[in-house]
Amino acid sequence: MNSSIITHSIYTISIPHPTPNTQPILSPYSLLNPDPESSFEIEGLSRFPPMDSGRLLLFSLSLALVSRAFSDSLIRITPDRRSSTKLSRDDVLFCDSWRFTVETNDAGVWVSVPDRCVQWVKDYMTGDRYRSDSEFAADDSLSFAKTVQIAGDGKDVWVFDIDETLLSNLPYYAAHGFGSEAFDDSTFDEWVNLAEAPALQASLRLYREVEQLGFKIVLITGRIEPQRNVTEKNLVYAGYSNWERLFLRGRADSGKTALVYKSEKRRELEDEGYRIHGSSGDQWSDLLGFAIARRSFKLPNPMYYIP
């Protein structure tokens, strides 16, 4: 799968564009099925006439190159209203309350998205609400970060998780049921090895601003040590840089829950004299346990749960 352009007829892909204040939106449906009687327009780009198959292929390849060149923008997958399933009021209410219980950790361990909520989760993850919730989390994090007195000795730390915190695996989950399918390590590893996961834009903004405030940035991920190179490549591709440390699971961490493994890595930091002021993650296991940050910030993720 190429995360730059996803040619699925029910999704609309936002293609990164060199102009910072524009986020052009391209529908694969409109590319593959152009109206012969009219031209079509991509927001932020000039107007294009109808295309034959040869020009269409060339145009699609050009967009892919543009997408790669401006990788620090989040690729948004938004629902195509022509194929969206209308949810009943009861389902909307049920699924909204279900998300509340999983995001607050009231639900405890859960395995998959309920069948009646798959469409709801898709609409949430591909819509404005997810982006807005992520922006609020980033804003609250930054408000706290600005109150911290940086000592200047290089020991003031902000910890970030990676998946669904700095990088979005939404292109993968869009093709695998938005959390309704059983997790498959092999297909997810194939996706990881592409090193094409886009940045979560709110988190990229937070990352850059806490760095400017003087924090050292430490990354703790549940990915395994053999994935270090592709993970670093993906982070750079998405616009991240200058992290102080990157922890991945080694052989000694095999079999540990994420909560224990990440707590142990934070303890290592404290033992080295680092002060962990803030921590950002999409899972409670990113944030709880021991050696926790002064303030922890939970990002939204109703697609999966990691203990």
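Residues numbered from 1 in each chain as written. Predicted model: local features only at pLDDT ≥ 70, side-chain atom pairs only at ≥ 80, totals over all residues. Heavy atoms only, no water.

Novice: Break down the sheet that holds strand β8 (residues 245-249) for me, citing the residues and quoting the values.
Specialist: An order of β8-β7-β6-β9-β10 is seen for the five strands of this open sheet, with the pairing classed as parallel. Of all the strands in the sheet, just β8 and β10 (295-298) have a single pairing partner and so form its edges. Each strand axis lies, on average, 20 degrees off the axis of its neighbour in the sheet, ignoring direction. Against the sheet, helix α5 (residues 128-145) contacts β6 (156-160), β9 (275-281) and β10, and its axis sits at roughly 170 degrees relative to β10. (Pairing = 2+ DSSP bridges. Helix = DSSP H or I, 4+ residues; strand = E, 2+ residues; numbered from the N terminus. Axes fitted to C-alpha atoms, helices over the stretch in contact; angles between N-to-C directions. Contact = heavy atoms within 4.5 Å.)

Novice: So what's going on with unusual backbone geometry? Residues and values would help.
Specialist: The residue E164 is not glycine, and still its phi comes out positive at about 65 degrees. Turning to its location among the elements, E164 is positioned in the loop between β6 and α6 (170-174). With a relative accessible area of 2%, E164 lands in the buried category. The backbone of A195 shows a phi angle near 55 degrees, a positive value even though the residue is not glycine. Exposure remark for A195: the relative accessible area of 3% places this residue in the buried category. (Buried < 20%, exposed > 50% of the residue type's maximum accessible area, 1.4 Å probe, protein only.)

Novice: Describe the state of the cysteines, naming the residues involved and giving the relevant values.
Specialist: Considering all chains together, one arrives at one disulfide under this definition. Paired through a disulfide, C95 and C117 show a sulfur-sulfur distance of 2.1 Å. Disulfide C95-C117: torsion about the S-S bond near -95 degrees, hence left-handed. Placement of the pair is C95 in helix α3 (residues 89-103) and C117 in the loop between α3 and α4 (118-125), with a sequence separation of 22 residues. (Disulfide = S-S within 2.5 Å.)

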